[in-house]
Amino acid sequence: MTTESLPMTLPARYYTDPEIFRKEVERFYFGRWICGGRASLIPNPGDYFLCEIADESVIVVRGASGEVRAFYNVCRHRGSRMCTELHGSLPGRRITCPYHAWSYGLDGALLGAPHAERPGFSRADYPLHSIRTEIWEGNVFLHFGTPDQSVAEMLAPVSRKFANWHMAELRTHRRIVYSVKANWKLIVLNYNECLHCPFVHPELNPLTDYLGADNEPPDPAYIGGVMFLRNGAETMSFQGSRNGRSYLPGLTEEQHNWAAFYSIYPNLLLAPHPDYLLTHTLWPKAPNLTEIVCELHFHPDEMARPGFCADDAGGFWDLINRQDWRIVELSQAGIASRAYTPGPYTKREDLLCAFDRDVLAIDGE
Ligand code: FES
Ligand SMILES: [Fe+2]
């Protein structure tokens, strides 16, 4: 009996080896567009948030005339990290280094450099190192190099598919940050299969048919599909109720019947629901550690309505998230065992196989 023709899971080193982790982060995160977070998190000039990938830190900041820029969080004097709070507003609309107080404008220009004046020194030579940004559907995307295409081009099919959600108009109601002891790829894999739902998510399983997922053929930039609601569920929440919330304006009747789950490589998990948008962003810290930001976004009119409450959806996803994080942590622990060998994927794990092939392709294997 041979298993040669079966598609198999990846060897353990892809989940445990620091060198493979470093190469993957380099190629997936520093070589592609990544999602930094929602632009609406920084509404005013001087508002900023940090994105931290492995050992790198990036400042995403709203500029004086409303544009969003990104800079390495590295001082041009002697290299110190500058911003340390994950999210905030810059005093005096300047990024000021805590070490010797060099300060930079919202466009990255060096404005103040105490005691630096001497022949040969020019402030113009030392702006912050900048990173390319693009806003897509209300999300700030970052590119550390020179992209082949814009995010808008890359994700045009996703924009078309979810045009009725008007995702850029939605506002964040709830944000939770999780620290998960698992490789970032295990979180992507887990997100893209439903076979675990009956066993891991007893509260979710009644709301959708775990075998009813309708997956798109994999695209180089994303994988995903829709899951149809069942048993009269109106959305994904406790008891499947919208709890008085309207459907998002613009959706068709047909779009009231499902939720979609898309992994946009490498780090945005995008899940349009009938009355909200659920997103996760994944931030690899180490081969076996990933930080995950989970947010729920609603229509601003709905959020302004007296009595608006989304605890049912927020609490539901917090529960589902924790169930998922627990199972991927168990998965990481098992894969790290000396006994682990690659196992066979089932027919219903095609998306996972496609993702693995992508991992191997960029690794030259
Ligand atoms: S290292 Fe930043 S001011 Fe000296
Ligand atoms: Fe799950």
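All figures in this text were calculated on a predicted structure; none of them were measured in a lab.

Procedures and definitions
Residues numbered from 1 in each chain as written. Chains lettered and ligands numbered in written order. Predicted model: local features only at pLDDT ≥ 70, side-chain atom pairs only at ≥ 80, totals over all residues. Heavy atoms only, no water. Donors = N, O, S within 2.8 Å, 3.2 Å for Na, K, Ca; no water. Tetrahedral: all angles 85-135°; square planar, octahedral: opposite > 155°, others 65-115°. Buried < 20%, exposed > 50% of the residue type's maximum accessible area, 1.4 Å probe, protein only. Helix = DSSP H or I, 4+ residues; strand = E, 2+ residues; numbered from the N terminus. Contact = heavy atoms within 4.5 Å. Phe/Tyr/Trp six-rings, centres within 6.5 Å; stacked < 30°, edge-to-face > 60°. Core = buried A, V, L, I, M, F, W, Y, C linked by side-chain atoms within 4.5 Å.

1. Brief notes about the coordination of the iron ion (ligand 2)
And then number 1: Around the iron ion (ligand 2), the protein supplies His196 (NE2), His201 (NE2), Asp324 (OD) and Asp324 (OD) as donor atoms, at distances of 2.0 to 2.6 Å.
And then number 2: Given 4 donor atoms and angles of 54 to 149° at the metal, the environment of the iron ion (ligand 2) is assigned as irregular.
And then number 3: If you list the donors of the iron ion (ligand 2) from N- to C-terminus, the spacing comes out as H-x4-H-x122-D. You'll find His196 and His201 in the same group, each marked buried.

2. Points about the environment of His87
And then number 1: By the element assignment, His87 lies in strand 5 (residues 87-89).
And then number 2: A relative accessible area of 42% places His87 in the partly exposed class.
And then number 3: Taking the C-alpha atoms as reference, His87 lies 9.3 Å from Ile59; in sequence the two are 28 residues apart.
And then number 4: When near neighbours in sequence (up to four residues on either side) are disregarded, His87 contacts Leu41, Tyr48 and Phe49.

3. A few points about the packing of aromatic side chains
And then number 1: Taken as a whole and assessed by the stated rule, the structure comprises 23 aromatic pairs.
And then number 2: An angle of 65° between the planes, with centres 5.1 Å apart, marks the rings of Phe28 and Trp184 as edge-to-face. Placement of the pair is Phe28 in helix 2 (residues 18-29) and Trp184 in helix 5 (residues 184-191), with a sequence separation of 156 residues. Residues Phe28 and Trp184 agree in their burial class; the two are buried.
And then number 3: For the pair Phe238 and Phe316, a centre-to-centre distance of 5.8 Å together with 90° between the ring planes defines the contact as edge-to-face. Of this pair, Phe238 sits in the loop between strand 13 (222-228) and strand 14 (258-264) while Phe316 sits in helix 8 (residues 311-335), and the two are 78 residues apart along the sequence.
And then number 4: Owing to a relative accessible area of 31%, Phe238 belongs among the partly exposed residues under this scheme.
And then number 5: On the basis of relative accessible area, Phe316 is assigned to the buried category, the value being 0%.
And then number 6: Taken together, the ring pairs connect Phe28, Tyr29, Trp184, Tyr265 and Phe355 into an aromatic cluster.

4. Describing the nonpolar core
And then number 1: Counting residues in each nonpolar core, the largest one holds 70 residues, and the members touching the most others are Val60, Leu142, Met236 and Trp317.
And then number 2: Considering each element in turn, this core owes the most residues, 7 residues, to helix 8.
And then number 3: Sequence-distant contacts of Leu142, defined by excluding residues within four places in its chain, comprise Arg32, Trp33, Ile34, Gly36, Cys51, Val58, Val60, Ala70, Ile131, Arg132 and Thr133.
And then number 4: In terms of nonpolar packing, the next biggest core, distinct from the first, is built from 24 residues, Trp33, Trp136, Phe162 and Ala260 among them.

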